[in-house]
Amino acid sequence: MTNYPILMHTVLDARDCRGLAEFYRQLLGLRYRAGEEPPPAGEPDQADWLVLLDDQGRRVLTVQEKLDTTPPDWPSETVPIQMHMDFRVESREDLERHRARAEELGARLLLDRTADDGEPLYVLADPAGHPFCLLHQ
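Residues numbered from 1 in each chain as written. Predicted model: local features only at pLDDT ≥ 70, side-chain atom pairs only at ≥ 80, totals over all residues. Heavy atoms only, no water.

Asker: Looking at this structure, I do not really get the overall build of the protein chain. What am I missing?
Answerer: Summing up its helical and strand segments, the protein chain has two helices and eight strands in all. Expected size for 137 residues packed as a compact globule is a radius of gyration near 14 Å; at 16 Å, the protein chain falls within 12% of this value. Principal axes of the C-alpha set define a box for the protein chain whose edges measure 45 × 40 × 30 Å. Put simply, the protein chain has 137 residues, and 36% of those count as buried. A separation threshold of at least 6 residues defines the contact pool for the protein chain, and within that pool the share at least 24 residues apart is 52%. For the protein chain, the accessible surface area stands at approximately 8400 Å², while carbon and sulfur atoms represent 50% of it. If you average the places of the 15 positive and of the 26 negative side-chain charges in the protein chain, the two averages end up 3 Å apart. (Helix = DSSP H or I, 4+ residues; strand = E, 2+ residues; numbered from the N terminus. Rg over C-alpha atoms; globule rule 2.2 N^0.38 Å. Buried < 20%, exposed > 50% of the residue type's maximum accessible area, 1.4 Å probe, protein only. Contact = heavy atoms within 4.5 Å. Areas by Shrake-Rupley, 256 points an atom, 1.4 Å probe, with all protein chains shown as cover. Lys, Arg positive; Asp, Glu negative; His and termini not counted. Charge placed at Lys NZ, Arg CZ, Asp CG, Glu CD.)

Below, the structure written as structure tokens:
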């Protein structure tokens, strides 16, 4: 028995469950839990809950289908962020490389704070609109 609950994973809501899971799978180098891989071409994808694992088999992120979700509109508070993820990179070169890769995968830039010498970062939105940060510390 442990003294505290153990975080299993973070769950993100998305209208397109597979699309958002694919974005994070590729961005973070994750893999699907066995049996949750995309269906063969031409077959319908019934995914409404997808668990992404690291190379050790640990849960990292889960995406659940939520058709009535409204994407956050950061920095406005009209539709608040509710949660976000921060991803640290090792160098400024990595920061640029990962930003470009995220955008290739469907992210969009919300804020460029790379002129900050103390903690250069980008705030991006994933394809479902959830903000996330790439930062160099």
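There is more to say, and it comes next.
Asker: I would appreciate a short explanation of unusual backbone geometry in the present structure.
Answerer: What you tend to see is this: most non-glycine residues have negative phi, and most peptide bonds are trans. Put simply, Trp-74 and Pro-75 share a cis peptide bond, and its omega is 10°. By the element assignment, Pro-75 lies in the loop between strand E4 (59-65) and strand E5 (85-89). Its identity as a non-glycine residue notwithstanding, Gln-82 has a phi of 75°, on the positive side. Inspection of the secondary structure puts Gln-82 in the loop between E4 and E5. Gln-82 sits in the exposed class, given a relative accessible area of 68%.

Asker: Hey, could you run me through the pattern of salt bridges in this one?
Answerer: Any two side chains of opposite charge can pair, on the condition that their charged atoms come close. Scanning all chains against the criterion turns up 11 salt bridges. Between Asp-116 and Arg-113 there is a salt bridge, and its shortest N-O distance comes to 3.4 Å. Accessibility expressed as a relative area gives 28% for Asp-116, which makes it partly exposed. Exposure remark for Arg-113: the relative accessible area of 32% places this residue in the partly exposed category. Connected via shared salt-bridge partners are Arg-113, Asp-116 and Glu-119. (Salt bridge = Lys/Arg side-chain N within 4 Å of Asp/Glu carboxyl O.)

Asker: Mind showing me how you'd approach the packing of aromatic side chains here?
Answerer: Centre distance and the angle of the planes are the two values used to describe a pair of aromatic rings. Following the criterion strictly, the structure yields four aromatic pairs and no others. Between Tyr-24 and Phe-132 the ring centres are 6.1 Å apart and the planes differ by 65°, which places this aromatic pair in the edge-to-face class. Of the two residues, Tyr-24 sits in helix H1 (residues 17-28) while Phe-132 sits in strand E8 (residues 131-136), which places them 108 residues apart along the sequence. Both residues of the pair, Tyr-24 and Phe-132, count as buried. The ring centre of Tyr-32 lies 4.9 Å from the NZ or CZ of Arg-18, which sits over that ring. Against the face of Tyr-122 rests Arg-99, its NZ or CZ located 4.7 Å from the ring centre. (Phe/Tyr/Trp six-rings, centres within 6.5 Å; stacked < 30°, edge-to-face > 60°. Lys NZ or Arg CZ within 6 Å of the ring centre and 35° of its normal.)

Asker: Help me understand the nonpolar core in this model?
Answerer: The nonpolar side chains of soluble globular proteins are, as a tendency, buried together. The biggest cluster of nonpolar side chains holds 25 residues, and the ones touching the most others in it are Leu-20, Phe-23, Tyr-24 and Phe-132. Only strand E1 (10-14), H1, strand E3 (49-53), E4, E5, helix H2 (92-104), strand E7 (121-125) and E8 provide two or more residues apiece to this core. Of all the elements, H1 adds the most residues to this core, at six residues. The contacts of Leu-20, once residues within four sequence positions are left out, are Leu-12, Asp-13, Ala-14, Val-63, Asp-126, Pro-127, Ala-128 and His-130. (Core = buried A, V, L, I, M, F, W, Y, C linked by side-chain atoms within 4.5 Å.)

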